[in-house]
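Chains, contacts and geometry: an overview
Next come the chains, spelled out residue by residue.
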Amino acid sequence: MLISDAGLVYMVMTTSDATSHIVDAQGGIHRKSEAQWIDLTKDTPLPLPEIKKQPITANMPFDKALILSEKKDSSGNSLYPLMYSALHKNTAPQVTDLSSSDYAAIEALRVGGLVKAGDLWSGTVSTRSTQNVELAYYKGAFLWDGSPYTNASTNTWACAYYENIDRAKYMRVVLTGSLGSLPPPNYVPKTPAEAVSSLSPDSEHITNPAYQAELDKMFQDPGYVPAFTDDMGLPYAPPPGIPSQAQLQDAVDKYNRQQALNESRDGVKAAQSGAVSAAQGAADAAHAAAQQAAAASAANPGDSGLAYAAAQAAAGAAAADAALAQAKADQARGDNAFTNMSSLASDDRPVSASSDGGTADGLGSLLLSRLRSTGALLASHAPISYLSGIVDAIQSLVADPVAPSMDLPLGFFGSVHISASWFDPLASLTRFFSWLLFILSAAWSFKGYWHRS
């Protein structure tokens, strides 16, 4: 659906009937459709807008139909199973089911043929022997002599049946073989002639309603824009003001970009909203702990451990506030990025005619816009967004050291505060000698490397 100088223009499918879907000799599929628009170019105003219609035909070449028939959903299921079967064939050897009523196929079995008995077992024909018998009481042309049976100890199978020779004479046929697995199916595309034979008995019209339903979905697939011809079979030349094929393609591209962007935006916004909620919860908990530690320190003004714990809790609350602010900033950056990407996706790119019949203004500009939008999206997602976190981690390595402490709950007796602040002098001395040892080791290693050079 598009807005043009002629008004609101859209393509619609006519009601399906026996002649609405046609397949040509090359496997191309044609669907009767109609262009409709509101004519706003009349010189004399009318009481009501005039709706104009023009019969057109949507066309899908065989190669495009073949590609679409192979599409699958996120679970790996075929989107168009009937069309896939119509346009593909199984090249694996044919397997005859001995438990079926397809007598002609069973009678055609010879040595080397593949057989199965339903889902019970499968194998290969090793021998085929015959014997003429007279069984006047048999009236059928094909009669089983018991069911096929297997021998697990010899890994073999056998069965017998009768072929009618004349009114009272029959030939008894005995088949034996070895048990074994069957080759897996191997589906390959059909040739256009083979596909035409599957889709249309008379090689002219598609008469199977199931095919028509899937074909209509294929014509509306977001990944394909059909070409159109008018009702005379000529290339579609719309009246002035109706969008060209290039403009139709451009509109569909914009729609697909916006749909993909909306799906990505919803997922990212949900993740960022969850991160903000988690950061808010952590900040609230940190502030509650800080208030509790401050109250405990105020109640025991002479306890340096409690004072230190209160300071640590206050620092933790400040860090939680910083994390919350960072989460909100990430959320804002993500919103801004998607706003910019949405503007880019819906931007009206100029369409110009070219020697090939009219395309968008070049593949380069489309690729550039996709790269820009992808860069903005990556900047607000992991792992690129972790770069700011790496800086914070490095800063934490050079921050002033703080002795660990904890409150050990003792149930009915309350709790006891444990702090390693008494170890600060020894810890400082240990850090000094550790750095000194590292510097001396590095200097000694460099001296040895220098002499070897």
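Residue positions are given per chain, counted from 1 along the sequence in the order it is written. Where totals are concerned, whole chains, interfaces and linings use all residues; where local detail is concerned, this predicted model gives features only for residues with pLDDT of at least 70, and gives and counts side-chain atom pairs only at 80 or more. Excluded from the side-chain calculations are hydrogens and water; all other atoms, namely the structure's heavy atoms, are used.

1. So, the overall build of the protein chain
The line we're drawing: The helix and strand labels rest on DSSP assignments: H or I over at least four residues marks a helix, E over at least two residues marks a strand, and numbering proceeds from the N terminus. Partly exposed describes any residue whose relative accessible area lies between the buried limit of under 20% and the exposed limit of over 50%, with all areas from a 1.4 Å probe on protein chains only and scaled to the type maximum. The contact rule is simple, with two residues in contact once any of their heavy atoms fall within 4.5 Å. Surface accessibility in these figures is a Shrake-Rupley result with a 1.4 Å probe; residues are shielded only by whichever protein chains are displayed.
Scanning the protein chain from terminus to terminus reveals 10 helices and 19 strands. By the burial criterion, 28% of the 453 residues in the protein chain qualify as buried. Here the contacts in the protein chain between residues at least 6 apart in sequence split such that 59% fall between residues at least 24 apart. When the accessible surface of the protein chain is summed, it comes to about 28,000 Å², and 60% of that surface belongs to carbon and sulfur atoms.

2. Focus on the side chain of Ser33
Relative to the assigned elements, Ser33 resides in strand 4 (residues 29-39). In this view, Ser33 contacts Val12, Met13, Thr14, Pro55, Ile56, Thr57 and Ala58; residues no more than four positions away in its chain are not counted.

3. Structural notes on the packing of aromatic side chains
In plain terms, the rule: By convention, a stacked pair of Phe, Tyr or Trp rings (six-membered ring in the case of Trp) has centres within 6.5 Å and planes under 30 degrees apart, an edge-to-face pair has planes over 60 apart, and any other such pair is tilted.
Applying the stated criterion across every chain, the model contains 3 aromatic pairs. Taken together, a centroid distance of 6.1 Å and an interplanar angle of 85 degrees make the contact between Trp435 and Phe438 edge-to-face. Note that Trp435 and Phe438 are positioned in helix 10 (residues 424-452) at a spacing of 3 residues, about one turn of the helix. Judged on exposure class, the residue Trp435 and its partner Phe438 are both exposed.

4. Topic: the side chain of Glu214
Rules: Polar contact is the term for a pair of N or O atoms within 3.5 Å; when the atoms are in protein, one must be able to donate a hydrogen and the other to accept it, and sequence-neighboring residues count only if both atoms are side-chain atoms.
Along the chain, Glu214 falls in helix 5 (residues 209-219). A distance of 3.0 Å separates the side chain of Glu214 from the backbone nitrogen of Met83, its partner in a polar contact. With near-sequence residues (within four places) excluded, Glu214 lies in contact with Tyr80, Pro81, Leu82 and Met83.

5. What about the pattern of salt bridges?
For clarity, the threshold we go by: Salt bridges are defined by distance alone: a side-chain nitrogen of Lys or Arg within 4 Å of a carboxyl oxygen of Asp or Glu.
Applying the stated criterion across every chain yields a total of 3 salt bridges. Residue Arg31 pairs with Asp216 through a salt bridge whose shortest N-O separation is 2.9 Å. You can see Arg31 sitting in strand 4 and its partner Asp216 sitting in helix 5, a full 185 residues away along the chain. With a relative accessible area of 12%, Asp216 lands in the buried category. In this structure, Lys89 and Glu194 form a salt bridge, with 3.0 Å as the shortest nitrogen-oxygen distance. On the criterion of sequence distance, the pair formed by Lys89 in strand 6 (residues 88-90) and Glu194 in helix 4 (residues 192-199) is long-range, its members being 105 residues apart. Given the relative accessible area of 30%, Lys89 is considered partly exposed.

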